[in-house]
Amino acid sequence: MKNKLFEIKNTAINLIEEAATKDALEKIRVEFLGKKGRLTSVLRGMGNLSAEERPAVGKIANEVRQVLEEELKKAFDNINEKEKLEKLHKETLDVTIPGKKITLGSKHPLTVTLDEITKIFMNMGFKVTEGPEVETVYYNFDALNAPKNHPSRDITDTFYISDNVLLRTQTSPVQVRTLKSQAPPIKVIAPGRCFRCDTPDATHSPMFQQVEGLLVDKGITMSDLKGTLDVFAKHLFGPQVKTKFRPHYFPFTEPSAEVDVTCFKCGGSGCRVCKGSGWIEILGAGMVHPNVLKEGGVDTEVYSGFAFGMGVERIAMLKYEVDDIRLFYENDMRFIEQFR
Ligand code: PHE
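All values derive from a computational prediction rather than experimental measurement. (Residues numbered from 1 in each chain as written. Predicted model: local features only at pLDDT ≥ 70, side-chain atom pairs only at ≥ 80, totals over all residues. Heavy atoms only, no water.)

Undergrad: Please clarify how the overall build of the protein chain should be interpreted in this entry.
TA: Regarding its fold elements, the protein chain presents 11 helices and nine strands. The C-alpha atoms of the protein chain give a radius of gyration of 44 Å, which is well past the 20 Å a tight globule of 340 residues would have. Referenced to the eigenvectors of the C-alpha coordinate spread, the extents of the protein chain come out at roughly 130 × 45 × 40 Å. Looking at the 340 residues of the protein chain, the share that counts as buried comes to 41%. Intrachain contacts of the protein chain at a sequence separation of at least 6 include 67% that bridge at least 24 residues. Total accessible area on the protein chain stands at roughly 19600 Å², and carbon and sulfur atoms take up 53% of it. (Helix = DSSP H or I, 4+ residues; strand = E, 2+ residues; numbered from the N terminus. Rg over C-alpha atoms; globule rule 2.2 N^0.38 Å. Buried < 20%, exposed > 50% of the residue type's maximum accessible area, 1.4 Å probe, protein only. Contact = heavy atoms within 4.5 Å. Areas by Shrake-Rupley, 256 points an atom, 1.4 Å probe, with all protein chains shown as cover.)

Undergrad: Quick question: what am I supposed to make of the pattern of salt bridges here?
TA: It is possible for side chains of opposite charge to pair when their charged atoms get near one another. For the coordinates displayed, the defined rule picks out 18 salt bridges. Of the charged contacts in the structure, one is a salt bridge between Lys-148 and Asp-142, with a shortest N-O distance of 3.2 Å. Residue Lys-148 is classed as exposed on the basis of its relative accessible area, which comes to 66%. Notably, a salt bridge pairs Asp-142 with Arg-153, separated by 2.7 Å at the nearest N-O pair. Pair noted here: Asp-142 is in the loop between helix H6 (137-140) and strand E3 (165-167) and Arg-153 is in the loop between H6 and E3, with a separation of 11 residues, a long-range link. (Salt bridge = Lys/Arg side-chain N within 4 Å of Asp/Glu carboxyl O.)

Undergrad: Explain unusual backbone geometry to me, please; I cannot follow it from the model alone.
TA: Glycine aside, residues mostly have negative phi angles, and peptide bonds mostly take the trans form. The step from Pro-184 to Pro-185 runs through a cis peptide bond, and the omega angle for that step is 5 degrees. If you trace the backbone, Pro-185 turns up in the loop between helix H7 (173-181) and strand E4 (186-195). Backbone torsion omega between Glu-254 and Pro-255 reads -5 degrees, so that peptide bond is classified as cis. Structurally, Pro-255 is set in strand E7 (residues 253-262). The backbone phi angle of Asn-145 is positive, close to 65 degrees, even though this residue is not glycine. Note that Asn-145 resides in the loop between H6 and E3. Its relative accessible area of 25% is what places Asn-145 among the partly exposed residues.

Undergrad: Explain the site of the ligand here, please?
TA: The environment of the ligand is formed by 14 residues, the closest being Gln-170, Ser-172, Arg-196, Gln-210 and Glu-212. Measuring from a nitrogen atom of the ligand, one finds a side-chain N or O atom of Gln-170 at 2.9 Å. Note that an oxygen atom of the ligand is positioned 3.1 Å from one of the side-chain N or O atoms of Arg-196. Elements represented by at least two residues in the shell around the ligand include exactly strand E5 (207-218), strand E8 (279-288) and strand E9 (303-311). The leading source of residues in the shell around the ligand is E9, at three residues. (Near = heavy atom within 4 Å. Polar contact = N/O pair within 3.5 Å; in protein donor to acceptor, adjacent residues only side chain to side chain.)

Undergrad: Where do I start with the packing of helix H1 (residues 2-18) against helix H2 (residues 22-33) in this structure?
TA: The description of two helices packed together rests on the angle between their axes and the distance between the axes. The interhelical angle for the contact between H1 and H2, taken along N-to-C directions, is 170 degrees, at an axis separation of 10 Å. Between H1 and H2, the interaxial angle falls into the category roughly antiparallel. For the pair H1 and H2, contact is made by Ile-8, Thr-11, Ala-12, Leu-15 and Ile-16 and by Leu-25, Ile-28 and Phe-32, respectively. Looking at the contact of H1 with H2 residue by residue, the classes come out as seven nonpolar, one polar and no charged. (Axes fitted to C-alpha atoms, helices over the stretch in contact; angles between N-to-C directions. Parallel < 35°, antiparallel > 145°, perpendicular 65-115°, else oblique. Nonpolar A, V, L, I, M, F, W, Y, C, P; charged D, E, K, R; others polar.)

Undergrad: Help me out: how do you make sense of the state of the cysteines in this one?
TA: Under the definition given, this model contains zero disulfides. With no disulfide of its own, Cys-271 has Cys-263 as its nearest cysteine by sulfur position, at a separation of 3.6 Å. In this structure Cys-271 comes out as partly exposed when scored by relative accessible area, which is 21%. Take Cys-274: it sits in no disulfide, and the sulfur closest to it among the cysteines is that of Cys-266, at 3.7 Å. (Disulfide = S-S within 2.5 Å.)

Now the structure itself:
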């Protein structure tokens, strides 16, 4: 019996030494130490031994069990260790590989310009509002006092969706929408996209952006308009610029004006930016026509107001000396990245 125990021990140890995987070790453990294992079955046979032999054999059997358990554990630990090293090796980080570059985005120059314009007016107490890009003929023309034969109504100038619906050609319809939806005092700007049937060239785009301004209150006069736009121009182009109001015509303002600023590049002496004149036109403006106020439900005996509208692309082109409007829409990174 003792011999049998020693033989079990040696066989098991040899097998353990050869085992290369945890599964193989587990099989060995079950085969020798399991409930139906070889060592266990030997121990079961101990009942046949004499009372003198039993303790000695029992002792050896226990020793064999202990040795095998220890050997199994050692082998297990060895394999674990080996696997860990292999895994570590596989997952080694090469710290010399160049990292992935995260490129930081930048605001589009038109967004930069619009943000700047908006900020200046917000600092003067204007609130920002918006209107739809798909507009009705009523809001885009009729309510704005545009005569039925006004050239801008022509299908060659305006994108019509149906007889009564169009893509707005200006942000001025927001004036009437605002007048109808809130009571004076009103002090808003309305930025947004506008559309005109223009063939794209260096200064024209069928889609562009405007910022509309509208102020209606008691006792508003042309001097309020002049003061407001003068402050705006000085903030946008620099404190040295002067403004000039040139008489003009818009159906929805009376009197109407186009507003020029002294050339911020040459200071007024004449250069490429101002095409030699010393002045640059930046926007259209005027006192809101009584017909428009009435259409918006405002009592013209009590209230008066002014309005203005400017092209965001035009301002951006002037400010950043961009000579082709199409550059804004081409999304060429070499262009856009210059406005960080
Ligand atoms: N809507 C005019 C345009 O597109 C600009 C403007 C707005 C003029 C408000 C006067 C008052 O040219």
